[in-house]
Amino acid sequence: MLGSSQTQNQPYYNYTLILPLDDKQEKSARIRTDLDFNVDGEFTWPLSDSVGFKSSLTLGDNGNACSVEFDHNDESSSTQFNINILNKSLTFSCMQALTPAVALGGLGTFSTSKQEFFSAVNAVYDDSGNTVAASYDFDTNNVS
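Let me sum up the structure you'll find in this document. The model shown is predicted, which means the values in this text are computed figures rather than measured ones.

Procedures and definitions
Residue positions are counted from 1 within each chain, in the order its sequence is given. Local features in a predicted model are, by the rule used here, given only for residues with pLDDT of at least 70; side-chain atom pairs are given and counted only at 80 or more, and totals for whole chains, interfaces and linings are based on all residues. Only heavy atoms go into the side-chain values, all of them from the structure, while hydrogens and water stay out. Each helix corresponds to a stretch of at least 4 residues labelled H or I by DSSP, and each strand to a stretch of at least 2 residues labelled E; elements are numbered beginning at the N terminus. As defined in this context, the radius of gyration uses C-alpha atoms, and a globule is described by 2.2 Å times the residue total to the power 0.38. Accessibility here uses a 1.4 Å probe with only protein chains present; expressed as a share of the type maximum, an area under 20% marks a residue as buried, one over 50% as exposed, and anything in between as partly exposed. Areas reported here follow the Shrake-Rupley algorithm with a probe of radius 1.4 Å; residue values treat only the protein chains shown as occluding. Just so you know, the count uses Lys and Arg for positive and Asp and Glu for negative, and it drops His and the chain ends. Where a charge lies is defined by one atom per residue type: Lys uses NZ, Arg uses CZ, Asp uses CG and Glu uses CD. Note on ring pairs: Phe, Tyr and Trp rings are taken, using the six-membered ring of Trp, and paired if centres are within 6.5 Å. Classes follow the plane angle, with under 30 degrees stacked, over 60 edge-to-face and the rest tilted. Contact criterion: two residues are considered in contact whenever any of their non-hydrogen atoms come within 4.5 Å of each other. Any Lys or Arg side-chain nitrogen found within 4 Å of a carboxyl oxygen on Asp or Glu counts as a salt bridge. Definition of a polar contact: a pair of N or O atoms within 3.5 Å, with one able to donate and the other able to accept a hydrogen when the atoms are protein atoms, and with sequence-neighbouring residues admitted only if both atoms are side-chain atoms. At least two bridges found by DSSP between two strands is the condition for calling them paired.

A count of helices and strands for the chain gives 0 helices and 12 strands. The linear arrangement of helices and strands in the chain, starting from the amino end, is β-β-β-β-β-β-β-β-β-β-β-β. Against the compact-globule benchmark of 15 Å for 144 residues, the chain has a radius of gyration of 19 Å, which places it well outside the compact range. The principal-axis extents of the C-alpha atoms in the chain amount to approximately 45 × 40 × 35 Å. Considering the chain as a whole, with its 144 residues, one finds that 20% of them fall into the buried category. As displayed, the chain offers around 10000 Å² of accessible surface, 57% of which is attributable to carbon and sulfur atoms. Charge centroids of the chain, computed over 7 positive and 18 negative side chains, lie 7 Å from each other.

Before going further, it helps to spend a moment on the packing of aromatic side chains. Tallying each qualifying case throughout the model produces 4 aromatic pairs. Seen in terms of ring centroids, Phe43 and Phe53 are 6.4 Å apart; in terms of plane orientation they differ by 70°. Their pairing is edge-to-face. In this pair, Phe43 is assigned in strand β4 (residues 39–46) and Phe53 in strand β5 (residues 51–59), connecting sequence segments 10 residues apart. A relative accessible area of 30% means that Phe43 is categorised as partly exposed.

Turning our attention to the side chain of Ser28. Position of Ser28 among the secondary structure elements: in strand β3 (residues 28–34). The exposure class assigned to Ser28 is buried, which follows from its relative accessible area of 19%. Sequence-distant contacts of Ser28, that is, excluding residues within four places in its chain, are made with Leu19, Pro20, Leu21, Glu42, Phe43 and Thr44.

Among the secondary structure elements, Asp34 is positioned in strand β3. No salt bridge is formed by the buried Asp34; the nearest opposite charge belongs to Arg32, separated by 4.8 Å. One polar contact links the side chain of Asp34 to the main-chain amide nitrogen of Asp36, over a distance of 3.0 Å.

Now for the pattern of salt bridges. Enumeration according to the criterion identifies 3 salt bridges in this entry. A salt bridge links Asp40 to Arg32; the nearest nitrogen and oxygen atoms lie 2.5 Å apart. Residues joined in a network through salt bridges with shared partners are Arg30, Arg32 and Asp40.

Direction of pairing for β3 relative to β4: antiparallel, over a ladder of 6 bridges. Of the residues in β4, the one forming a bridge with Ser28 is Thr44. Linking β3 back to β4 in an antiparallel pair, the connection comprises 4 residues, with Phe37 at a positive phi of about 60°. Bridge analysis of β4 against β5 gives 8 bridges, and the strand direction is antiparallel.

In structure tokens form, the structure reads like this:
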């Protein structure tokens, strides 16, 4: 895919390559760049029906990142484990449905370079007509 778009009345050129690696298009590689060589890419590979693997790479003006993520999803929960290689951090997050409309969860991030731990808890109410979500960050005492 080659193309341009308008961003703040300036042309923005974007070049994207997406490679499906299987017939179901579940396994794929995607890479994108612009004329300034800000590059991001993603490689996804399901390991089973409920476990997935994703690797991401970003190189650009706003910083660099490289991460590896494993996720597990079933009918009532979702769990992710992320290793950010360049930022030297580990993140674990989980959401668990308590009822068909209520889910609770949280996340924890450990920065190995700063030797700091960050955590938050989350709640979601979704009855298919209304959705309310809340989050509490223990480190900043912010509620959103």
